[in-house]
Amino acid sequence: MQTLSFDNAVFISDLHLTEDRPDCIRAFFSFLEWLPTSTDALFILGDFFEYWVGDDIDTRLSQDITEKLNDTNSTKGISLFFIPGNRDFSVGHSYCTKAGMTLMPDNRIFSIAGLKVLTCHGDLLCTDDVGYQRFRKIIRTPIVLNTLLQLPISIRIKIAQRLRQNSKTKFNKNRFYVDVNAQAVDELFDSSHADVIVHGHTHLADIHLCGNENKRMVLGDWHEVGWYGVIDANGPRLHRFDIKNPAF
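Residues numbered from 1 in each chain as written. Predicted model: local features only at pLDDT ≥ 70, side-chain atom pairs only at ≥ 80, totals over all residues. Heavy atoms only, no water.

## Some points on the environment of Ala 41
Relative to the helices and strands, Ala 41 is located in strand β3 (residues 41-44). You can call Ala 41 buried: its relative accessible area is 0%. In this structure the C-alpha to C-alpha distance between Ala 41 and Asp 7, which are 34 residues apart in sequence, comes to 9.0 Å. Residue contacts for Ala 41: discarding those within four places in its chain leaves Phe 6, Asn 8, Ala 9, Val 10, Ile 78, Ser 79 and Phe 81. (Helix = DSSP H or I, 4+ residues; strand = E, 2+ residues; numbered from the N terminus. Buried < 20%, exposed > 50% of the residue type's maximum accessible area, 1.4 Å probe, protein only. Contact = heavy atoms within 4.5 Å.)

Structure representation (C-alpha cells):
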C-alpha cells in the first residue's frame, strides 16, 4: 500500500461523544470550525464515540457529526482518517463514507513533515491487560462482530450500555489507567521503523522519547480538558484546552 504524505496533520482521540456530554459536543464542533484550512489531515484515533452499535443506526448526534465532518472535508479540504477504538470498534465503512472519512486499521504508516508516523488507537500496546486483549480478539473476529451487528437494535444498545457500565464500575473500584507495555512499544518501533507513534486509549497525555530519536505521542481524552496533537515542520506537539471554554 502506498504511503500517503502530508506536510502537517492534527490528531485527536478519546472524545467519548455522547448525548450526555453536550459540552464535549460543542467543544468538538468549535474545534472543527477552528481547524485552519492549511491543515492537511485530521486523524481521529478511536473512542470518538462513547459507544457505537452499528452503522445502520442513525441518531441526531451521529447525523450532526456527519454533517460537520463532511463540511470540514469538503469546505476546508482537510483529509479525514478514522481508526476504531475499544468503545467504537464497530464503526464501519458505511458511516465513515457518509462522514467523509477514510476508515483505517491500526498501525498504518504515514509520511508527515518528513517523519515516518505510525497511527493506532493504542489498546494493542496495553499487553499487560490480558483479559481485555482476550476480549478484543474475540469481539473483533469478523464472524462474532457480524453476528452482533445482526441482532435487533434494542439488544445491541443494551449490550453496549452494559459493557459501558461494567467499565465504569471496574474503574471506580480501581481508579487507574492501564498504560502501554514498554516491550510492546519497542517491538512496534522495531518492526515498523517509525520515527513517531501516535495513539490514545490510555488517556495519559504526554510525548515520550523512545531511544535516541523516536517519539511516542499520547493523546489525552476529552473530559474537563481536551487534547489535540500536531505534527508539522516543528515536530510533534501536544495542546490542551478547556472543554467548557475552548480556545485553540
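## Some thoughts on the pairing of strand β8 (residues 196-199)
Burial of the side chains of β8 extends over both faces: Val 196 and Val 198 are buried on one face and Ile 197 and His 199 on the other. Of the pairings in the sheet, the one linking strand β7 (residues 115-119) to β8 comprises 3 bridges and is parallel in character. Each bridged residue has a counterpart across the sheet, and for Val 117 the counterpart in β8 is Val 196. (Pairing = 2+ DSSP bridges.)

## Focus on the nonpolar core
Judged by nonpolar contacts, the single largest core of 33 residues is most densely connected at Phe 28, Phe 31, Leu 42, Phe 48, Ile 65, Leu 69 and Trp 222. When contributions to this core are tallied by element, the ones reaching two or more residues are β2 (9-12), α1 (22-34), β3, α2 (60-76), β4 (79-82), α3 (93-98) and β11 (225-232). Top contributing element to this core by residue count: α1, with 7 residues. Leaving out residues up to four positions away in the same chain, Leu 42 has contacts with Val 10, Ile 12, Phe 31, Leu 32, Leu 35, Ile 78, Ser 79, Leu 80 and Phe 81. Counting 17 residues, the second-largest nonpolar core is a separate cluster that includes Ala 9, Leu 45, Met 104 and Val 117. (Core = buried A, V, L, I, M, F, W, Y, C linked by side-chain atoms within 4.5 Å.)

## Things to note about the pairing of β7
Two elements, strand β6 (residues 108-112) and β7, share 5 bridges in a ladder whose sense is antiparallel. When the bridges of β7 are listed, Ser 111 appears paired with Lys 116. Between β6 and β7, which pair antiparallel in sequence order, lie 2 residues; one of them, Ala 113, sits at a positive phi of approximately 50°.

## Comments concerning the side chain of Asp 106
Counting through the fold element by element, Asp 106 comes out in the loop between β5 (101-103) and β6. Take Asp 106: its relative accessible area is 18%, and that puts it in the buried class. Only 3.0 Å separates the side chain of Asp 106 from the side chain of Arg 136, close enough to count as a polar contact. Residues in contact with Asp 106, not counting those within four places in the same chain, are Ile 83, Thr 119, Cys 120, His 121, Gly 122, Asp 123, Leu 124, Arg 136 and Arg 140. (Polar contact = N/O pair within 3.5 Å; in protein donor to acceptor, adjacent residues only side chain to side chain.)

## A closer look at the packing of aromatic side chains
Evaluated as defined, the whole model comprises 25 aromatic pairs. Note on Trp 34 and Phe 248: the rings are 5.4 Å apart at their centroids and 35° apart in plane angle, and the pair reads as tilted. Of this pair, Trp 34 sits in helix α1 while Phe 248 sits in the segment after β12 (235-242), placing them 214 residues apart in sequence. Here Phe 43 and Phe 110 contribute two aromatic rings whose centre-to-centre distance is 4.8 Å and whose plane-to-plane angle is 75°, an arrangement assigned as edge-to-face. Taken together, the positions of Phe 43 in strand β3 and Phe 110 in strand β6 put the pair 67 residues apart, joining distant regions of the chain. According to the relative accessible area criterion, Phe 43 is buried, its value standing at 0%. For Phe 110, a relative accessible area of 0% gives the class buried. Positioned above the aromatic ring of Phe 29, the side-chain terminus of Lys 68 is 5.3 Å from the ring centre. (Phe/Tyr/Trp six-rings, centres within 6.5 Å; stacked < 30°, edge-to-face > 60°. Lys NZ or Arg CZ within 6 Å of the ring centre and 35° of its normal.)

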